[in-house]
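# A look at the structure
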Amino acid sequence: MSTAEAIVIGVVTDRPLDLAAHEAAVADRRAGAVVSFQGVVRDHDHGRTVTLLEYEGHPTAEAVLREVAAEIAADPEVYAVAVSHRIGRLEIGDVALVAAVSTAHRAAAFGACARLVDEVKARLPIWKRQVFADGTEEWVNCP
């Protein structure tokens, strides 16, 4: 399948993310596998208790997200890619990143979804402020 035919969705939003909607977006009659991923805000980082996160995105973040999704969709085994990243204040348990990929076979879907998440984490210009239980904070992935 060529990139022009593959479905590619990439969204940066301040609204809650919906895993089922991402999986539905990549549904395809040819697909024998849909693999999805949720990045969830956890209550700790490097031994410190985290109370909340705040994500701030560069104005180009959504364009970069779509570019990454399109690169993954360029794989001839990939039928569709949907990925979203949330910005703003997130509480423990909130979903910060959702990704879904469909392919004919599970190995290709797992591989494509892993590449998608890794590339998003490496390239997306979104920065995270972590607030700790002791009142301190730190910025992560900030240039």
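To be clear, the structure that these remarks concern was listed above.
Attention here is on the structure that accompanies the text. For clarity, every value in this text was computed on a predicted model and none was experimentally measured.

### Some remarks on the pattern of salt bridges
- All told, the structure shown has 12 salt bridges when counted by the stated rule.
- A salt bridge links Arg48 to Asp134, with the shortest nitrogen-to-oxygen separation between them at 3.6 Å. Of this pair, Arg48 sits in strand β4 (residues 48–57) while Asp134 sits in the loop between β8 (126–132) and β9 (137–140), and the two are 86 residues apart along the sequence.

### Quick look at the nonpolar core
- Counting 32 residues, the largest nonpolar core has Val81, Val83, Val101, Leu116, Val120 and Leu124 as the members making the most contacts within it.
- Those elements that place two or more of their residues in this core are β2 (33–40), β4, α2 (61–73), β5 (78–86), β7 (95–103), α3 (106–123) and β8.
- With seven residues, α2 is the single largest residue contributor to this core.
- Not counting the four nearest positions on each side in its chain, Val120 is found in contact with Leu65, Val68, Val83 and Leu97.

### What about the pairing of β7?
- Along β7, nine of the nine residues are buried, which leaves the element largely enclosed by surrounding structure.
- Two elements, β2 and β7, share eight bridges in a ladder whose sense is antiparallel. Across the sheet, the residue bridging to Val40 is Val95, located in β7.
- The pairing of β5 with β7 spans seven bridges and is classified as antiparallel. Bridged to Val81 within β7 is Val101.

Conventions we followed
- Residues numbered from 1 in each chain as written.
- Predicted model: local features only at pLDDT ≥ 70, side-chain atom pairs only at ≥ 80, totals over all residues.
- Heavy atoms only, no water.
- Salt bridge = Lys/Arg side-chain N within 4 Å of Asp/Glu carboxyl O.
- Helix = DSSP H or I, 4+ residues; strand = E, 2+ residues; numbered from the N terminus.
- Core = buried A, V, L, I, M, F, W, Y, C linked by side-chain atoms within 4.5 Å.
- Buried < 20%, exposed > 50% of the residue type's maximum accessible area, 1.4 Å probe, protein only.
- Contact = heavy atoms within 4.5 Å.
- Pairing = 2+ DSSP bridges.

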